[in-house]
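Spelled out, the chains give:
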Amino acid sequence: YVGPNALIQGGAADVYKQGAIDAANATSHLDCHTVLFVHDELVHECLIEHAAEAQPLIQAAMVAAYDLTPHLAVSGSVCLKSYAEGK
């Protein structure tokens, strides 16, 4: 069962990477930057004034990374002080 597992995990990693690239492109005009990849999460940093606009752009980019039915589930939160705040 190693072969199918490698295809599934490799495909998931490719979708995640494409979503990360798309999220970075979607928020570049807001001076928003990806600062950390944590397993299946992305941590972005931007000015608080742009957070409300950046969050839905990031989530939409991650959902649109690969067209699936049902769509990929993506959630997010805005943390003012640290990454731990969002957990």
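For every chain, the first residue of the written sequence is number 1, and numbering continues from 1 onward in sequence order. In keeping with the predicted nature of the model, local features appear solely for residues at pLDDT of at least 70, side-chain atom pairs appear and are counted solely at 80 or more, and the whole-chain, interface and lining totals rest on all residues. Calculated side-chain values reflect all of the structure's heavy atoms, with hydrogen atoms and water omitted.

A. Region of the structure containing the packing of aromatic side chains. Two rings from Phe, Tyr or Trp (for Trp, the six-membered ring) form a pair when their centres sit within 6.5 Å of each other. Planes less than 30 degrees apart are called stacked, planes more than 60 degrees apart edge-to-face, and all others tilted. The final tally for this structure, using the stated rule, is one aromatic pair. With centroids separated by 6.0 Å and ring planes inclined at 75°, the aromatic side chains of Tyr16 and Phe37 adopt a geometry described as edge-to-face. Here Phe37 lies in strand 1 (residues 33–38) and Tyr16 lies in helix 1 (residues 2–27), a separation of 21 residues in the sequence. Accessibility expressed as a relative area gives 18% for Tyr16, which makes it buried. A helix here means a DSSP run of H or I that spans at least four residues, while a strand means a run of E at least two residues long, and both kinds are numbered starting from the N terminus. The buried label applies to any residue whose accessible area, calculated with a 1.4 Å probe on protein chains only, is under 20% of its type's maximum; exposed applies above 50%, and partly exposed to all values in between.

B. The side chain of Thr27, seen in detail. Within the secondary structure, Thr27 sits in helix 1. Only heavy atoms matter for contacts: two residues are in contact if any of them lie within 4.5 Å across the pair. Dropping the residues within four chain positions of it, Thr27 is found in contact with Cys32, Ala54, Leu57 and Ile58.

C. Representation of the pairing of strand 1. As judged from the five bridges shared by strand 1 and strand 2 (residues 41–45), these two strands associate in the antiparallel manner. By the bridge assignment, Val38 is partnered in strand 2 with Glu41. Hairpin connection between strand 1 and strand 2: a loop of two residues separates the two successive antiparallel strands, and His39 in this loop has a positive phi of roughly 50°. Note on pairing: DSSP must find at least two bridges between two strands before they are called paired.

D. Expanded view of unusual backbone geometry. The omega torsion across Thr69 and Pro70 is 0°, close enough to zero to call that bond cis. The phi dihedral of Asp31 is positive, around 55°, even though this residue is not glycine. Phi is positive for His39, which is not a glycine, with a value near 50°. Note that His39 resides in the loop between strand 1 and strand 2.

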